[in-house]
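# Descriptive structure summary
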Amino acid sequence: MSRFELLAPAGDLEKLKVAILYGADAVFIGGAKFSLRSRASNFTLEEIKEGCDFAHKHNAKIHVTCNIVMHNIDTSGLIEYLKELEACGVDCIIASSLYILQMVKKHTKMQAHVSTQDSTSNELACKFYEDLNMDRVVLARELSIDMIEKIKKSVKTDLEVFIHGGMCVSISGRCMLSNNMTNRDANRGGCAHSCRWCYDLIEDGKVLNPSGDYFAMSSKDLCAIRAMPRLMDLNINSFKIEGRMKSLHYIATVVNTYRKLIDEYETTSKIKDFKVYEDMILRAENRLTSTGFLLHEPTIDEQLYDLNLTVPTKEFVGIVKSYDEENKIAYIEQRNYFLPNSTLEVFTPKETFKLKIDDIYDLDGNILDAARHPKQMIKFKCDRKLNPYDLLRLN
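The text that follows walks through the structure, step by step, so that each part is easy to find.

Criteria and thresholds
- Within every chain, residues take consecutive numbers counted from 1 along the sequence as written.
- Side-chain atom pairs in this predicted model are given and counted only at pLDDT of 80 or more, local residue features only at pLDDT of at least 70, and totals for whole chains, interfaces and linings cover all residues.
- Note: side-chain values were computed over all heavy atoms of the structure, leaving out hydrogens and water.
- The secondary structure listing takes helices from DSSP runs of H or I that are at least 4 residues long and strands from runs of E that are at least 2 residues long, numbered from the N terminus.
- Pairs of residues are marked as contacts when any of their non-hydrogen atoms sit within 4.5 Å.
- Buried Ala, Val, Leu, Ile, Met, Phe, Trp, Tyr and Cys residues form a nonpolar core when they are joined through side-chain atoms within 4.5 Å.
- For each residue, the accessible area found with a 1.4 Å probe, counting protein chains only, is set against the maximum for its type, and the residue is called buried under 20%, exposed over 50%, and partly exposed in between.
- Stacked, tilted and edge-to-face pairs are distinguished by plane angle, under 30 degrees for stacked and over 60 for edge-to-face with tilted covering the rest, among Phe, Tyr and Trp rings (Trp via its six-membered ring) whose centres lie within 6.5 Å.
- When DSSP finds two or more bridges between a pair of strands, those strands are recorded as paired.
- Throughout, right-handed denotes a crossover for which the path from the first strand over the helix to the second runs clockwise when the strands point away from the viewer.
- All axes are obtained by fitting lines to C-alpha atoms, using only the stretch in contact for helices, and the reported angles, taken between N-to-C directions, cover 0 to 180 degrees.
- Each angle receives one of four descriptions, namely roughly parallel if under 35 degrees, roughly antiparallel if over 145, roughly perpendicular if within 65 to 115, and oblique otherwise.
- Crossings are classed by handedness, with left-handed meaning an anticlockwise turn of the near helix from the far one by less than a right angle and right-handed meaning a clockwise turn.
- Any residue outside Ala, Val, Leu, Ile, Met, Phe, Trp, Tyr, Cys, Pro, Asp, Glu, Lys and Arg is labelled polar, Gly included; the first ten of those are nonpolar and the last four are charged.

### Considering the side chain of E160
With respect to the element layout, E160 can be found in strand β7 (residues 158-165). Every residue in contact with E160, bar those within four places of it in the chain, is listed here: E5, L7, H113, R136, V137, V138, L139, S238 and K240.

Right, here's the structure in full:
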């Protein structure tokens with residue numbers, strides 16, 4: 001097993017299982033209470049229990065976020081909820097509130113991780129949390145590798161670093177745009193992503209941006225592919241991928257990419273070709289990316305001004321639900337449009353290969369001229385065995 005934890009997001013049970021199968025050592029999820037993603041598919045206790053059982057069967061861990069900025073109305077039932085999470089098998093709690101973190105240490109045996117919402121950006125703050133017996137600090141996303149190195153050399157507590165996903169236009173987690181413009185509080189789970197809206201730039205009543213274009217404040221997503229060797233050389237304990245609201249295909253692709261990169265560097269102490277991994281990411285990434293703060297101070301090149309450059313990929317067309325070995329029939333949950341007599345790419349945790357399909361059918365055996373209804377169950381003949389959670393993509 002790798003000495004580095006690859007930590008992935010999951011918005012539901014299916015994504016949790018896919019993240020683990022495609023290479024995550026741990027998954028972070030939101031529960032029904034005290035979570036910062038109120039619009040994500042937060043987990044019930046029963047789902048958390050099932051997720052923990054699945055994770056532990058595959059030698060993985062489950063982290064639960066309790067990182068809401070608590071108002072008085074949010075405080076009741078905390079200790080009881082923490083004990084319920086522990087009973088489900090949860091390994092770690094991620095929180096920004098020192099009170100929540102102290103209650104984790106006092107009343108449970110789960111680990112307490114200081115959330116990135118605390119914007120921990122220096123070694124003195126990390127030592128403070130270390131003295132409080134916190135098990136891990138999730139560093140702010142606004143740090144360079146040089147800054148991270150200084151912190152790592154000064155503390156013994158585990159450090160977690162973001163390596164992929166959305167970047168806040170403000171100091172992470174402290175933006176008030178959404179709250180001011182929509183009355184949706186980003187720090188209590190309701191961010192409306194106001195920085196990604198379309199705006200006009202106006203001076204003295206005159207619109208300065210050309211017609212049809214827009215001015216925005218959004219940052220490009222973080223992609224740390226080329227920074228990973230340096231971060232691994234620092235012995236960072238955990239590498240975190242952001243995106244509990246992201247698609248199943250996105251999670252599988254991004255997790256599998258970093259899994260293979262980490263494994264290659266651990267095995268050979270070098271990366272033969274970074275572009276291979278960057279091309280893998282492009283199969284699912286629908287926003288432009290940059291290295292954020294890691295390699296240098298962000299410039300205009302790390303900002304996103306044109307949403308026309310963010311095109312959702314349509315190449316993910318289905319997920320394998322089961323395979324009938326006797327009759328050699330694959331049962332697929334369709335996700336995007338594709339045609340019979342196509343050559344598809346099968347993306348699995350271990351390999352990628354091409355698959356030529358002929359006719360496709362619905363579950364009643366009716367032949368289909370196309371798979372055009374998302375979430376429809378379909379089937380087709382397939383001589384090669386497919387496994388549940390294998391993904392189908394356009395070739």
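### Remarks on the nonpolar core
One finds L231, F239 and Y258 to be the most contacted residues of the largest nonpolar core, which totals 86 residues. The leading source of residues in this core is helix α9 (residues 248-268), at 10 residues. The contact partners of L231, leaving out residues within four places of it in the chain, are I145, I148, V161, I163, I236, F239 and L294. Counting residues in hydrophobic clusters, the runner-up holds 19 residues, among them L344, V346, L355 and A371.

### Focus: the packing of aromatic side chains
Applying the stated rule across the entire model yields 3 aromatic pairs. Centroid distance F4 to F239: 5.7 Å. Interplanar angle 40°. Geometry classified as tilted. Placement of the pair is F4 in the segment before β1 (5-9) and F239 in strand β12 (residues 238-241), with a sequence separation of 235 residues. An identical accessibility class is assigned to F4 and F239; each is buried. Aromatic side chains F128 and Y129 sit 5.4 Å apart centroid to centroid with 65° between the ring planes, which places their arrangement in the edge-to-face category.

### A closer look at the pairing of strand β5 (residues 111-114)
Where strand β4 (residues 92-95) lies against β5, 4 bridges are found, and the strand directions are parallel. Looking at the pairing, C92 lines up with Q111 of β5. A crossover links β4 with its parallel partner β5, the connecting element being helix α4 (residues 98-107), and its sense is right-handed. Two elements, β5 and strand β6 (residues 136-138), share 2 bridges in a ladder whose sense is parallel. Among the inter-strand pairings, V114 is bridged to a residue of β6, identified as V137. With helix α5 (residues 123-131) bridging β5 and its parallel neighbour β6, the resulting β-α-β unit is right-handed.

### Describing the packing of helix α1 (residues 13-21) against α9
Relative to each other, α1 and α9 sit at 20°, their axes nearing to 9 Å. Comparing the axis directions of α1 and α9 gives the class roughly parallel. Note that α1 runs across α9; the crossing there is right-handed. Contacts from E14, K15, V18 and A19 in α1 reach L248, I251, A252 and V255 in α9. Classifying every residue of the contact of α1 with α9 gives 6 nonpolar, no polar and 2 charged.

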